[in-house]
Amino acid sequence: MAELPFPLPDLGEGLIEATVLEWLVAEGDQVERNQPLVEVETTKSALELPSPQSGMVLKVHGAPGDVIKVGEPLVVFEVPDDTAGIVGTVPTEEAPKRRVRLSANLDED
Amino acid sequence: MGGTETMMAGTAASAAPLELSLQGALNLALDEILAEDPKALVLGEDVGTLGGVFRVTSGLAGKHGAARVFDTPLAESGILGMSIGLAMAGFHPIPEVQFDGFAYPAVNQIVCQLGRMNYRSRGTLPMPVTLRVPSFGGIRAPEHHGESLEALFAHVPGLKVVSPADPQQGYTLLKAAARMPDPVIFMEPKSRYWQKGQVITESGLDDGGKSPVADGAAGARIARPGRHLTLVAWGAMVARCLQVAELAAEDGIDVEVLDLRWLKPIHADALAASVGKTRRAVVVHEAPRTSGLGAEVAQIITERCFGTLKAPVERVTGFDVPYPSGDLEDEYIPNIDRILFGIQRVLEYKRG
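Keep in mind the model is a prediction, meaning the values are calculated, not measured.

Draft legend 1. A look at the pattern of salt bridges. Applying the stated criterion across every chain yields a total of 26 salt bridges over all chains. For the salt bridge of R101 of chain A with E250 of chain B, the shortest nitrogen-to-oxygen distance reads 3.6 Å. Pair noted here: R101 of chain A is in the segment after β8 (73-79) and E250 of chain B is in helix α10 (residues 237-250), and the two residues belong to different chains. Where salt bridges share partners, they join E32, E36, K175, R179 and E202 of chain B into one cluster.

Draft legend 2. Structural view of the interface of chain B and chain A. Facing 35 residues of chain B, the contacting portion of chain A comprises 27 residues. Considering only the side of chain B, the residues that lose the most area to chain A are W194, D251 and D337 of chain B, jointly responsible for 22% of the buried surface there. At the boundary of chain B and chain A, one finds six salt bridges. Taking the shortest distance from any N to any O, the salt bridge between R98 of chain A and E250 of chain B comes out at 3.1 Å. On the surface where chain B and chain A come into contact, there are 10 residue pairs in polar contact (both at pLDDT 80 or more). Top contributing element to the side of chain B that touches chain A by residue count: helix α14 (residues 336-348) of chain B, with seven residues.

Draft legend 3. Quick peek at the packing of helix α2 (residues 22-36) of chain B against helix α8 (residues 167-179) of chain B. Residues and elements named next belong to chain B. Contact pair α2 / α8: the axes reach a minimum separation of 8 Å and the direction vectors enclose 25°. The angle between the axes of α2 and α8 places the two elements in the roughly parallel class. Where α2 crosses over α8, the two elements pack in a sense that is right-handed. Facing α2, whose interface residues are L22, A25, L26, L28, A29, L30, E32, I33 and E36, α8 presents P167, G170, Y171, L174, K175, A178 and R179. For the contact of α2 with α8, the class distribution of residues is 11 nonpolar, one polar and four charged.

Draft legend 4. Region of interest: the UniProt feature "domain: Transketolase-like pyrimidine-binding" (unreviewed entry) in chain B. According to UniProt, the positions carrying the feature "domain: Transketolase-like pyrimidine-binding" (unreviewed entry) are residues 20-195 of chain B. Note that residues 20-195 of chain B is 36% helix and 17% strand, and that its end C-alpha atoms are spaced 8 Å apart.

Draft legend 5. View of the environment of E3 of chain A. Note on placement: E3 of chain A falls in strand β1 (residues 2-7). The spatial distance from the C-alpha of E3 of chain A to the C-alpha of V79 of chain A is 6.3 Å, given a sequence separation of 76 residues. Apart from the residues within four sequence positions on either side, E3 of chain A is in contact with L58, V76 and F77 of chain A together with R55 of chain B.

Draft legend 6. Expanded view of the sheet that holds strand β14 (residues 314-316) of chain B. All names here are of chain B. If you walk across this open sheet you meet the five strands as β9-β11-β10-β13-β14, and the pairing is mixed. The strands lining the two open edges of the sheet, one partner per strand, are β9 (221-224) and β14. The sheet shows a mean angle of 30° between the axes of neighbouring strands, taken without regard to direction. As judged from the three bridges shared by strand β10 (residues 229-233) and strand β13 (residues 281-284), these two strands associate in the parallel manner. Of the residues in β13, the one forming a bridge with L231 is V282.

Draft legend 7. Structural view of the nonpolar core. Residues and elements named next belong to chain B. Ranked by internal contacts, the top residues of the largest apolar core, which has 46 residues, are I110, I185, L260, L271, V297 and I301. Listing elements by their share of this core, those giving two or more residues are α4 (76-88), α5 (107-114), β5 (130-135), α7 (150-154), β7 (184-189), α11 (268-278), β13 and α12 (293-305). Broken down by element, this core gets its largest block of residues, six residues, from α12. Every residue in contact with L271, bar those within four places of it in the chain, is listed here: V232, L258, L260, I266, G276, V297, I300 and I301. Among the nonpolar cores identified, the runner-up in size contains 36 residues, and A29, V42, F186 and W262 belong to it.

Draft legend 8. Seen up close, the side chain of S274 of chain B. Residue and element names in this part refer to chain B. Mapped onto the elements of the fold, S274 is located in helix α11. Given a relative accessible area of 3%, S274 falls into the buried group. Setting aside chain neighbours within four positions, we find S274 in contact with T230 and E256.

Draft legend 9. Up close: the side chain of Q98 of chain B. With respect to the helices, strands and loops of the structure, Q98 of chain B is situated in the loop between β4 (92-96) and α5. Reaching out from Q98 of chain B, the side chain makes a polar contact with the backbone oxygen of E45 of chain B at a distance of 3.1 Å.

Draft legend 10. Examining the sheet that holds strand β3 (residues 30-31) of chain A more closely. Read from one edge of the open sheet, four strands run β1-β8-β6-β3 (chain A), paired in antiparallel fashion. The strands lining the two open edges of the sheet, one partner per strand, are β1 and β3 of chain A.

Draft legend 11. Focus on unusual backbone geometry. Residue and element names in this part refer to chain B. The omega torsion of the bond from K264 to P265 falls at -5°, within 30 degrees of zero and hence cis. Phi at D46 is positive, roughly 70°, even though this residue is not glycine. The residue D46 is located in the loop between β2 (40-44) and α3 (60-64) in this model.

Draft legend 12. Broad picture of the packing of α10 of chain B against α14 of chain B. All names here are of chain B. α14 packs onto α10 with a crossing angle of 60° between their chain directions and a minimal axis gap of 10 Å. Judged by the inter-axis angle, α10 sits oblique to α14. As α10 packs across α14, the resulting crossing turns out to be right-handed. Contacts between α10 and α14 involve R240, C241, Q243, V244 and L247 on the former and, on the latter, I336, I339, L340 and I343. Among the residues making up the contact of α10 with α14, the classes are represented as seven nonpolar, one polar and one charged.

Draft legend 13. Spatial organisation of the packing of aromatic side chains. Throughout the structure, instances matching the rule amount to eight aromatic pairs over all chains. Judged by centre distance (6.5 Å) and plane angle (35°), the rings of F6 of chain A and F77 of chain A are tilted. Taken together, the residues F6 of chain A in strand β1 and F77 of chain A in strand β8 connect sequence positions 71 residues apart. Taken individually, F6 of chain A and F77 of chain A each receive the classification buried, so the pair is uniform in this respect. Members of the aromatic cluster, connected to one another through ring pairs, are F54, F99, F102, Y193 and W194 of chain B. Lying across the ring of F91 of chain B, K39 of chain B places its NZ or CZ 5.0 Å from the centre.

Procedures and definitions
- Residues numbered from 1 in each chain as written.
- Chains lettered and ligands numbered in written order.
- Predicted model: local features only at pLDDT ≥ 70, side-chain atom pairs only at ≥ 80, totals over all residues.
- Heavy atoms only, no water.
- Salt bridge = Lys/Arg side-chain N within 4 Å of Asp/Glu carboxyl O.
- Helix = DSSP H or I, 4+ residues; strand = E, 2+ residues; numbered from the N terminus.
- Contact = heavy atoms within 4.5 Å.
- Buried area = accessible area lost by both parts, 1.4 Å probe.
- Polar contact = N/O pair within 3.5 Å; in protein donor to acceptor, adjacent residues only side chain to side chain.
- Axes fitted to C-alpha atoms, helices over the stretch in contact; angles between N-to-C directions.
- Parallel < 35°, antiparallel > 145°, perpendicular 65-115°, else oblique.
- Left-handed = near helix turned anticlockwise from the far one by under 90°.
- Nonpolar A, V, L, I, M, F, W, Y, C, P; charged D, E, K, R; others polar.
- UniProt positions renumbered as here; feature names shortened; annotations may be inferred.
- Pairing = 2+ DSSP bridges.
- Core = buried A, V, L, I, M, F, W, Y, C linked by side-chain atoms within 4.5 Å.
- Buried < 20%, exposed > 50% of the residue type's maximum accessible area, 1.4 Å probe, protein only.
- Phe/Tyr/Trp six-rings, centres within 6.5 Å; stacked < 30°, edge-to-face > 60°.
- Lys NZ or Arg CZ within 6 Å of the ring centre and 35° of its normal.

As structure tokens, this is what we get:
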């Protein structure tokens, strides 16, 4: 298993921080991609942050009322070692399937 | 490699091969390069704090320091420009562009500076730069994340181009590339990053300073011997061609798989030796067909083996379109049936 940090992203045009209002997940929870993680408030609005990926929430940073700066850790996920990076999916190794069969008269060799 | 076996027998436990993914093998190679070469540097987007989007540089910044493994701004021309300047100042940079399609913004630096600085300076400014490029398709990624640029780079005088097919090749070829005085474009098959295999490391070999692992990095490699036909491939297509060879064996066709490894310079003698024996050849690549490297391979084979070839060299490739979205990927990348069809066309060919 590998740890994957999720730092607080820039939630608007050049916002530098956000205040934690309420955690919607707890440490130890298994979350899916796009599942709301936390409600935060910026100088512009309050909003729910969706999870960038699926995985187990290993650690959450900041209690309600705490201010977190953009780029600082928000959540640390635990993910399997074969989890893809920021794009794409890990290919699965499958037994090869075929429709084409070969035929040849190799005696001419 | 007979010497390798002898030495492995002599060093028993420490020489046991490691079971590593390609990610892990590349990570280990970089770790060892940084440890043994104080001039080596690793730089690129997210290679430091994050450890790379594919975890290839994971832990290296912590171990070797943020001055030697560091993040750059999102600017590929800057990554390459900085690497060229560092090389001029005596460093051995190992930059990464995060994905194949983002090498395009750095093409001016690669072609006009990196490839020809040694030539331009009459040999006073060699460019010991190893550019790591996660390459090729197969992971359902969006645009710019599945391209095959080997023909583009192989066409540039002054560059070497190499692509590993498995963890052992990743380790061996990256260590060899990083020791070269020349710029090397190192194309990592990203669809193979998670596949595991056995890796014999240099540290497992008490070789008295002469590394058989590094010696094993020259030229092409027979990935599977065979008698009736040679499949030529590189990168991720080697594993697929090995699968095809297994299926062909069910039909009584004994296929040799040649892992080309070095795409510039191409190991012409290895092509001639293999196809000289099998007398039939199919070259397989993901890149578009027109002016793809398969054409160069086919021409080298034709030049060397024309007298004994049983059929024209067949190409099984991607198509002359931009690399498609993930849903169409399986139609674009040469699949098992397309490769088998290519083999059948060669087997059926009749002269006259």
